[in-house]
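Here is how the chains run, residue by residue.
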Amino acid sequence: MTLWTLRHPPVDRGGRCVGQTVIPTTISREDAIAQAVESAPFRPDRLFSSDLPRCADLARGLADRWSIPVETDSRLREMNFGEWEGRHYDVIEAEDRDRWHRWCNNWMTESPPEGESLEQFVTRVRDWLVQNPPAPTDAIVTHAGVIRVVRVLSGSTWEDAMDSSNPFLGWIKHAL
């Protein structure tokens, strides 16, 4: 199966952990739509998107531009970092050092406090793909973490997936 992903517009994390945290994009919706359309390798027949605004706003704008359907789904969200969501990394380091270091050193097996494990994250994305198998003419507007999961489901190692480039507003073709 061929699967296309498009990463959301740029954001300024400002040194914060922002998995599912709602933050604004650093460019306008109109500029993001124009850039995504200009760089699009094809005109999708249908869009799927994370329901977080940094993805959903772009997806809805693209769907309007191309007169195609769009469907948002919370299963296409970035990983949930629980108690660390929206907090500055230096604050996490200062106030939750032991758990932070344990997760940083074992992120493939540990979960952030009240967040989801990598296994839960992968299962969430895989379940969505099984229940909503995209056609080669569909695209998913989503986050770097979801794109990395798709890379792993396509046969990459986690090391390669983590080293991969996932540019803002970048289109990536995957073979599942």
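Scroll up to find the structure.
Residues numbered from 1 in each chain as written. Predicted model: local features only at pLDDT ≥ 70, side-chain atom pairs only at ≥ 80, totals over all residues. Heavy atoms only, no water.

(A) Representation of the overall build of the chain within the structure. Within the chain, the regular secondary structure consists of seven helices and five strands. From first element to last, N terminus to C terminus, the chain shows the α and β order β-α-β-α-β-α-α-α-β-α-α-β. In terms of overall dimensions, the chain is globule-like: its C-alpha atoms have a radius of gyration of 16 Å, near the 16 Å expected for 176 residues. Projected onto the principal axes, the alpha-carbon positions of the chain cover approximately 50 × 35 × 25 Å. Here the chain holds 176 residues, and 46% of them are scored as buried. For the chain, the share of sequence-separated contacts (at least 6 apart) that also reach a separation of at least 24 residues comes to 72%. (Helix = DSSP H or I, 4+ residues; strand = E, 2+ residues; numbered from the N terminus. Rg over C-alpha atoms; globule rule 2.2 N^0.38 Å. Buried < 20%, exposed > 50% of the residue type's maximum accessible area, 1.4 Å probe, protein only. Contact = heavy atoms within 4.5 Å.)

(B) Region of the structure containing helix α6 (residues 144-153). Most of α6 sits inside the fold, with seven of its ten residues counted as buried. For α6, every residue scored as buried is listed here: A144, G145, V146, I147, V149, V150 and R151. G155 sits one or two residues past α6 and shows a positive phi near 115°.

(C) Main features of the pairing of strand β3 (residues 70-73). When strand β2 (residues 46-50) meets β3, the two strands line up parallel, connected through four bridges. If you follow L47 over to β3, its bridge partner there is V70. Once you follow β2 into helix α2 (residues 53-66) and on to β3, the crossover reads as right-handed. (Pairing = 2+ DSSP bridges. Right-handed = clockwise from strand over helix to strand, strands pointing away.)

(D) Fine view of the packing of helix α5 (residues 118-131) against α6. Between α5 and α6, whose axes approach to 10 Å, the crossing angle comes to 75°. Here α5 is positioned roughly perpendicular relative to α6, judged by the angle of their axes. Between α5, through F121, V122, V125, R126 and L129, and α6, the contact on the second element is made entirely by G145, V146, V149, V150 and L153. Class assignment of the residues belonging to the contact of α5 with α6 gives a composition of eight nonpolar, one polar and one charged. (Axes fitted to C-alpha atoms, helices over the stretch in contact; angles between N-to-C directions. Parallel < 35°, antiparallel > 145°, perpendicular 65-115°, else oblique. Nonpolar A, V, L, I, M, F, W, Y, C, P; charged D, E, K, R; others polar.)

(E) Quick peek at the pattern of salt bridges. Applying the stated criterion across every chain, the model contains nine salt bridges. Between R75 and D73 there is a salt bridge whose closest N-O contact spans 2.8 Å. Overall, the relative accessible area of 13% leaves D73 in the buried class. One salt bridge connects R102 with E110, and the closest N-O pair in it is separated by 3.7 Å. With relative accessibility at 40%, the residue R102 sits in the partly exposed group. When salt bridges with common partners are traced through the structure, they connect E83, D96 and R99 into a single cluster. (Salt bridge = Lys/Arg side-chain N within 4 Å of Asp/Glu carboxyl O.)

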